[in-house]
Amino acid sequence: MESIQPTPTFCEPLDDDGLAEPTFLDRLFDQGLLVRTGVDGLYGRSGAFESVVEALDRLIGRLGAADNAEVLRFPPGMSRPAFERSGYLKGFPNLAGTVHSFCGHEGEHAKLLACVEAGEDWTAGQKATDIVLTPAACYPLYPVAAARGPLPAEGRLFDLQSYCFRREPSLEPTRMQLFRMREYVRMGSPDQVLAFRESWLERGTQMIRDLELPLAIDAANDPFFGRAGRMLANNQRAQGLKFELNVPVNSVEKPTACLSFNYHQDHFGTTWDLVQADGDVAHTACVGFGLERITLALLRHHGLDLAAWPEGVRRVLWG
Ligand code: ATP
Ligand code: ZN
């Protein structure tokens, strides 16, 4: 762990009069960087906030440019059958978001409006559609890649970005319900996939250093649901399948995962019948960049006024 030098206001200390100072989230609202919607974890973003997100997106593109990844963009919803087959519900049923829609006739429409009018629950007649919200940018990719047939000998590399949904309302600004994830996804042999992860561990670390943020790389696990989930989480850690690049944003004690490096082994290959050129099941890995989280880390460490950020940081972002 590198040294972390919190700014004096880092932990929202108590005022002289014993009142808590405004939280980081309050200050983001006050400055208009994030915009309240009344739902925790669902925010509007200002032009200034977006200018950082966009600069980060371009920076990540530059860092990966030499690898010639295939760019694909999916909307923030994916096919429900694909989602069901992906196995997401086994690990994270509590985080999933489904899209429901009104499918009734005029009589049911009248009932629905009457419920709204009376302030009663109008959603009972809503039916699940064939769309669910994308939980991670790479989920819509695997079936698409598998449908192309066996991988070429050199494997494949994709560049993705999507809004993602996770039902985890929180007052920590870094834990949103709808946020953007940029990802590179590698598919191929175990060696190819592990080399990819290694190279991004290095590049990601350098990127965060160039942004003059304190960081630590730690072994991690996904928040698998329930008692069985605890075992999955332990295995994931023990096998070193997930690493996170953490930056203190909300607190020094509980730093925030801004980048994640995930090795899925043959999980998605087996799930989607994705095979290598020689017919062996494909291995996959992805590196995910939380665009809002990195933006928030920059705001936390360099201040809410972008013009006052260190010259070096501004140069990395905007040239
Ligand atoms: P955490 O452990 O904090 O829940 P994670 O490591 O499980 O996050 P991943 O599933 O690996 O997250 O997602 C990739 C990246 O997406 C993370 O490194 C993070 O930067 C970002 N991310 C994940 N969840 C959120 C969220 N609720 N709000 C904002 N960004 C998020
Ligand atoms: Zn992924």
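Further up the page is the structure itself.
Being a predicted model, the structure only gives us computed values, none of them experimental. (Residues numbered from 1 in each chain as written. Chains lettered and ligands numbered in written order. Predicted model: local features only at pLDDT ≥ 70, side-chain atom pairs only at ≥ 80, totals over all residues. Heavy atoms only, no water.)

Undergrad: Can you help me understand the coordination of the zinc ion (ligand 2) in this one?
TA: At 2.2 to 2.3 Å from the zinc ion (ligand 2) lie its protein donor atoms, namely Cys138 (SG), Glu183 (OE) and Cys286 (SG). Sequence positions of the residues that donate to the zinc ion (ligand 2) give the spacing C-x44-E-x102-C. Within this pair, whereas cysteine 138 is found in the loop between β6 (126-133) and α6 (141-146), its partner cysteine 286 is found in strand β12 (residues 283-290), the two being separated by 148 residues in sequence. Cysteine 286 shares its class with cysteine 138; the two are buried. (Donors = N, O, S within 2.8 Å, 3.2 Å for Na, K, Ca; no water. Helix = DSSP H or I, 4+ residues; strand = E, 2+ residues; numbered from the N terminus. Buried < 20%, exposed > 50% of the residue type's maximum accessible area, 1.4 Å probe, protein only.)

Undergrad: Is there a simple way to explain the site of ligand 1 in this structure?
TA: Close to ligand 1 lie 17 residues, the nearest being Arg166, Glu168, Lys242, Glu244 and Ser260. Here an oxygen atom of ligand 1 sits 2.8 Å away from a polar atom, N or O, in the side chain of arginine 166. Note that an oxygen atom of ligand 1 is positioned 2.9 Å from one of the side-chain N or O atoms of arginine 293. About the coverage of ligand 1: the protein hides 92% of its 590 Å² of free accessible area. Among the secondary structure elements, those contributing two or more residues to the shell around ligand 1 are β8 (178-188), β10 (242-247) and β11 (256-265). Ranked by residue count, the leading element in the shell around ligand 1 is β11, at five residues. Within the shell around ligand 1, the residues separate by chemical class into six nonpolar, four polar and seven charged. (Near = heavy atom within 4 Å. Polar contact = N/O pair within 3.5 Å; in protein donor to acceptor, adjacent residues only side chain to side chain. Areas by Shrake-Rupley, 256 points an atom, 1.4 Å probe, with all protein chains shown as cover. Nonpolar A, V, L, I, M, F, W, Y, C, P; charged D, E, K, R; others polar.)

Undergrad: Please explain the packing of aromatic side chains as it appears in this structure.
TA: Aromatic ring pairs are reported here in terms of the distance separating the ring centres and the angle at which the planes meet. With the rule as written, the count across this model stands at ten aromatic pairs. Centroid distance tyrosine 88 to phenylalanine 92: 4.9 Å. Interplanar angle 45°. Geometry classified as tilted. On the basis of an interplanar angle of 85° and a centroid distance of 5.6 Å, the ring pair of tryptophan 200 and phenylalanine 289 is categorised as edge-to-face. A residue pair is termed long-range when its members are at least 10 positions apart, and tryptophan 200 in helix α7 (residues 190-210) and phenylalanine 289 in strand β12 qualify at 89 residues. Relative accessible area serves as the criterion here: at 1%, tryptophan 200 is assigned to the buried category. What makes phenylalanine 289 buried here is its relative accessible area of 0%. In textbook terms, an aromatic cluster arises when at least three aromatic residues are bridged by ring pairs, as seen for Phe83, Tyr88, Phe92, Tyr139, Tyr142, Phe224 and Phe268. Its guanidinium or amino end placed over the ring of tryptophan 200, arginine 203 lies 4.6 Å from that ring's centre, counting from NZ or CZ. Positioned above the aromatic ring of phenylalanine 24, the side-chain terminus of arginine 300 is 4.7 Å from the ring centre. (Phe/Tyr/Trp six-rings, centres within 6.5 Å; stacked < 30°, edge-to-face > 60°. Lys NZ or Arg CZ within 6 Å of the ring centre and 35° of its normal.)

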